[in-house]
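Letter by letter, the chains look like this.
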Amino acid sequence: MATTSFTAPKLSSPTLQSLYRNFHVSVPLPKSLSSFSRRFSPSFPRFHHQHHRLQRRRLFSVRAESENGSEPPRHYDFDLFTIGAGSGGVRASRFAANFGASVAVCELPFSTISSETTGGVGGTCVLRGCVPKKLMVYASKYSHEFDESHGFGWKYETEPKHDWSTLIANKNAELQRLTGIYKNILNNAGVELIEGRGKIVDPHTVDVDGKLYTARHILISVGGRPFIPEIPGSEYAIDSDAALDLPSKPEKVAIVGGGYIALEFAGIFNGLTSEVHVFIRQKKVLRGFDEEIRDFVGEQMALRGIEFHTEETPQAIVKAADGSLSLKTNRGTVDGFSHVMFATGRRPNTKNLGLESVGVKMNKNGAIEVDEYSRTSVPSIWAVGDVTDRINLTPVALMEGGALAKTLFQNEPTKPDYRAVPSAVFSQPPIGQVGLTEEQAIKEYGDIDVYTANFRPLKATLSGLPDRVFMKLIVCAKTNKVLGLHMCGEDSAEIVQGFAVAVKAGLTKADFDATVGVHPTSAEEFVTMRTPTRKIRQSLESEGKTDVEAKSAAGV
Amino acid sequence: MARKMLVDGELSQTNEEEAHYDFDLFVIGAGSGGVRAARFSAQYGAKVGICELPFHPISSDVIGGVGGTCVIRGCVPKKILVYGAAFGGELEDARSYGWELNEKIDFDWKKLLHKKTDEILRLNGIYKRLLSNAGVKLFEGEGKIVGPNEVVVTQLDGTKLSYSAKHILIATGSRAQRPLIPGQELGITSDEALSLEDLPKRAVVLGGGYIAVEFASIWKGLGATVDLFFRKELPLRGFDDEMRAVVARNLEGRGINLHPRTNLTELIKTDEGIKVITDHGEELIADVVLFATGRIPNSKRLNLEAAGVEVDSTGAVKVDEYSRTNIPSIWAVGDVTNRMNLTPVALMEGTCFAKTVFGGEPSKPDYNNIPCAVFSIPPLSVVGLSEEQAIEQANGDVLVFTSSFNPMRNTISGRQEKTVMKLVVDAETDKVLGASMCGPDAPEIMQGIAVALKCGATKAQFDSTVGIHPSAAEEFVTMRSVTRRVTASGKPKTNL
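Predicted model, so just to flag it, every value in this text is computed and none were measured.

Trainee: Please clarify how the UniProt feature "domain: FAD/NAD(P)-binding" (unreviewed entry) in chain A should be interpreted in this entry.
Mentor: Here the UniProt feature "domain: FAD/NAD(P)-binding" (unreviewed entry) sits at residues 79–401 of chain A. End C-alpha atoms of residues 79–401 of chain A are separated by 15 Å, and the span's content is 33% helix alongside 25% strand.

What follows is the structure, given as C-alpha cells:
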C-alpha cells in the first residue's frame, strides 16, 4: 500500500520569516539535547547549503503543484500541524521547518503527571520517562556505590542518609529547564507552539480549544500513558508518572509488573532504601527478552534486596485503618505497603482526538494503524511514536519523526528502519541488547552458535559484592553474522551502543574476533569470546559445552 | 619465508630433528604475551616450557612474577586504584542527589593496598593454573639465551638448568626508567607507586604520558595535592590534539596543578620532604615524586648479543612481521619488541606466534584500528586515527564531527566537566577513520565502536544505527552536522 498510494507531497512556499528563524545562536544544553544545539550552531556553509536546498525544493513544489491538476489548489494555515510535542512530534516539526515547511505544534500545559488536560513540551521522555527516570537511577545507584566503596577503603562515620525532597526538587528544576529548552528549540526552528488540546475535525483541520487551524498534513504524536487495570482498590495505586514525583520516600512499595518500567523503579526505590516487592504474573521478569538475560537480571536484583513474588496476579488493594495498603493476589496477601505502583503497560493516547469521526483506523489497543511511511488510513494524517505502538522508544520516535519530515518535505520518501534497534533497561544492574534473542534466532535461522560469558567484574572482586556480568553473542552458524548481542551488568547501556553499529552493519563473529580489546574493561569480553557455549543445530541434538574458563582466561 | 616457518613448525612431521630438543618451545617471561603464546602453542600440541622471575609487586632484574606487568604492576592494579580514587568525585556528586554525607569521609589507603595485593596474588595463582592446565612446564628463575636453540634458567638457589628448544620466545616485557637527574634515587616509578606504604599528601608527577596522567588522577581522587610536570604544551603526545586539550582541562578541573613545558632538574632530601627543583627555577616540597618518563625493554640480561639477536638503540628486540628475530629459531612478542605496548596487542602477537609456528597458519598481527584507553579521571579512549593523522594520511578531505556536552549526571551534580566525542571521516569514502571520547565510561563505550572501525564502517552506517537513550554513547550515532571540513589542498603529499 505504501509505495503505490504514496504521492509526492505538495508544499507551500516557506515564508521568508520562517526561513530566517531557522538560524539562531545555540543555547547551552544538557547531554540529552545536545544534538539539537548542534543543529542551531551558526555556520556559513550550513546556511548556504540550506538555502540551496530550499530553492531546489521550492522549484520542485511548484512542479508538483502543477502536475497534480486533479485537486484545486487550496490554502492552508500550515504545511504541517503536529499534535503532541514529545520526542517524535518535536523532531518531525523541527525538521519539517528546517526543510522549509510552515509548521505548528500543539501541546497540553506542563505537569509532571500526565492526564487528558496536562502534558508539557518534551513529552514522556523528558518529563515522565527517560530523563527523570535516569536521574532517579543516578540518585539511587549511589547506595550501591557506597557499598562498593567500603571495599576500596572508604569509610563513613555515619552511613549516608538520603533526603528525598532534595532529590525531587533538583529533579524538577532540571525538568523545568528542559521543557524550557524544548520550547526554545521549537521557537528557534520557526515552529509555532500552541498550548492546548488538539482535536482533529476533518482531514485538514485541527481544533485547539475552540480555535481551528488548517494544515496540508496533520501529524499525531500524542504518545502513550500508563495503564492501570481495574481491580478493587486500584484507585489507591500509583503509576510511573506519580512514582517519579512522590512527595516523600515510599517506605515499603509493591510494584506490580515485570516489564522494564517495573524493574527500573524496583531498582530506584531499592537504592533509595525503600523495601521493595515486585509482583509478576509469570515465572520470570522481562517477557520478550532473551531467556538467559531474564534469569540473570532477576537473580542479580534479588541479590540486591528486592523481593520477587512470581506467578502472582493482583486481585485487590485494600486500605487499612492506619492508611497502609495491602495487596491481595491469587496466592495471598502482603500487608503494610506505603505505596502500590502499577507498571502494567502503557496505552496510546488516542481517546478524544476525533480520530473515529475522520476515519483514522486504530487497532484494538487504540494504537493508530500506519503504513511504513507512518501514514494513517487518512492520506493527509500521519502518526509517529508511541501512539502507533511500533517500538516504543525515544530514539525510534526520533527516527520516525525524522523520516516523516524527509518524506513530506524533502521529496525523499523514507521508511524508518526497525532492524537491529538497540535498547536498554536501566535496572540495577542494567541491560543492553541489540538484535535477536536466542529464541528468535533459532526460529528464524535454525542453526546458531551461542557464546556466553558470566563473570565477576574487577570492581566486584575488590568490593566483595556479589555483582556479576553476563554477556551473550548469538551467531548465525551458516553466515557467521552476529544476530544478537545481550548484556546485563554495569555499563551495559553504554557498552552496547558501539556494538549496535557493528550488528546493524551486519558484521560477523570473525570481525568481532579481529578487533583488539580495550584492557581492562568489561566490554572487551565481546571481542574475546573464543569457544561457543553451545551450538544449536536443527538436525542434530545441540552440542553443549560450558566454557568454565571463559573469564578466567580473559587475561591471557 | 612464511612457508618455511610453517614447515619448521609442523609437529605432525616426524623428522629426526624433533627428538633432539627438550621442548618445542621455550618462553622467557610469563606476562601477557608469553603466557598466551605458551598456552596456545601447547594447545596446538607443542611441548612448552616457560620461565619467570619470582613474584613481587616491584620489579627488578631478579624480580618479576607470573602474570607480568599487566597483572602485577600495570593494568590491573592501576585500574583498581582508579576505581578507588573515582569514588572521591562520586561522593561529592552524591550530595546534590540528596545524599547526606559527613563533611570529611575517611579513606584507608592500607586497606585498598592490601586488597589490591590480594587480588594480584589471586590472579598470579590463576595464571599459574592456566599454564599448568595447558600442560606448560613453569620454571622459576632467570632465563638467558645461550644459543639459537638453548636456554639456561638460573633458579633461586643458584642452580642452573639448561634446556634445548626448537623455538625460543622472548617475552620479557619492559620496565619503568628514571631520568638521570641529581637526586633521582629519591623518586619512584610506577611499580613503587602502586605499592606505597602511605598515601602521599603532596605528590609530584613527572611525565606527560598515560601513566603520568593516570597516577595524577589516582592521587588527586584520593585527596592528595598533585603537581604534574611535562615537557610539551599538552599531555598525551601522540593522541588527537583536541582530545589532549580536553584531558588537560579535565585534570585541571579536578584540581591537579599542571606545569606544561617544565622539566625537573634536581631532587633534594629535606626534613619537610623532597625538594623538587624545576628548569624554570621553581621549588616545591613533595612526599612522593613519580617518574613516569617512559619504559625500556627488558633485554639487557638475556645474553642477546652473544646469541646474535639484534636489538635497536632502545634495546628493543628487532622482529619481522611474524615476530621473528634475525635468528630464525628465536622470536619475540610484547613490550620487549616495543611495537605497540598494550596487553591486548601482546596477546594478539602471542596468538599469531602460536598459529604461525605451531598452528600451521602463518599469521601477522594487525596493528590497524587498535583501540586503547587512558584511565585518567574521567578517562580517554580512542580507536583509529587522530585528526592530525587522518589529515596526513587521507587522500582527500577529512570531515570532523565533534560533540561536547554536559553529561546528564552533571545536570544535577553541577559538576562542570564536559564529555567530548569526536569522529574523523574520510569525505570521499565516508569511512570513519578515527573515533575518540573523553568522559565517563569512554573505554567501555569505545570497544564496540572499535569493531565497527575495524571493519571499515562508514559514517552512514553509524547514522543508520538507532541510539540507546539516554546514554552518552548514543552521541556517536547522532552526530548529524559536520563541525569542520579539512581540505586536502595545501597539505603536503607523499607517494608512499
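Trainee: Help me understand the sheet that holds strand β11 (residues 225–229) of chain B in this model?
Mentor: Hydrogen bonds along the backbone pair up the strands of a sheet, which may run parallel or antiparallel. All names here are of chain B. Overall, parallel pairing links the four strands, which are arranged β12-β11-β10-β16 in an open sheet. The open sheet has two free edges, formed respectively by β12 (257–259) and β16 (288–291), since each of these has just one partner strand. For this sheet, the mean angle separating the axes of adjacent strands, direction not counted, is 15°. In the packing of helix α7 (residues 210–221) onto the sheet, contacts are made with β10 (202–206), β11 and β16, and the angle to β11 comes to roughly 165°.

Trainee: When you look at the pattern of salt bridges in this model, what are you seeing that I'm missing?
Mentor: Two side chains bearing opposite charge may form a pair once their charged atoms approach each other closely. All chains considered together, the criterion is met by 50 salt bridges over all chains. The closest approach of N and O atoms between E291 of chain A and R294 of chain A, which form a salt bridge, is 3.0 Å. Here R294 of chain A and E291 of chain A lie together in helix α11 (residues 291–303), a separation of three residues that amounts to about one turn. Judged by relative accessible area, which is 8%, R294 of chain A ranks as buried. Notably, a salt bridge pairs D61 of chain B with R301 of chain B, separated by 3.7 Å at the nearest N-O pair. Placement of D61 of chain B in the loop between β2 (48–52) and α3 (68–73) and of R301 of chain B in the loop between β17 (295–297) and α9 (304–307) is noted, with a sequence separation of 240 residues between them. For R301 of chain B, a relative accessible area of 36% puts it in the partly exposed group.

Trainee: So what exactly am I meant to see when it comes to the side chain of R73 of chain B here?
Mentor: All names here are of chain B. Structurally, R73 is set in helix α3. The side chain of R73 is buried and forms no salt bridge, while D191, the nearest opposite charge, is found at 4.1 Å. A polar atom in the side chain of R73 sits 3.3 Å from the backbone oxygen of G64. Once residues lying within four places of it in the same chain are set aside, the contact partners of R73 are H56, P57, I58, S59, G64, G68, D191 and L194.

Trainee: I'm lost on the UniProt feature "domain: Pyridine nucleotide-disulphide oxidoreductase dimerisation" (unreviewed entry) in chain A in this one. Help?
Mentor: As recorded in UniProt, the sites labelled "domain: Pyridine nucleotide-disulphide oxidoreductase dimerisation" (unreviewed entry) are residues 421–529 of chain A. Counted over residues 421–529 of chain A, helix gives 30% and strand 28%. Its end C-alpha atoms are 23 Å apart.

Definitions and limits used
- Residues numbered from 1 in each chain as written.
- Chains lettered and ligands numbered in written order.
- Predicted model: local features only at pLDDT ≥ 70, side-chain atom pairs only at ≥ 80, totals over all residues.
- Heavy atoms only, no water.
- UniProt positions renumbered as here; feature names shortened; annotations may be inferred.
- Helix = DSSP H or I, 4+ residues; strand = E, 2+ residues; numbered from the N terminus.
- Pairing = 2+ DSSP bridges.
- Axes fitted to C-alpha atoms, helices over the stretch in contact; angles between N-to-C directions.
- Contact = heavy atoms within 4.5 Å.
- Salt bridge = Lys/Arg side-chain N within 4 Å of Asp/Glu carboxyl O.
- Buried < 20%, exposed > 50% of the residue type's maximum accessible area, 1.4 Å probe, protein only.
- Lys, Arg positive; Asp, Glu negative; His and termini not counted.
- Polar contact = N/O pair within 3.5 Å; in protein donor to acceptor, adjacent residues only side chain to side chain.

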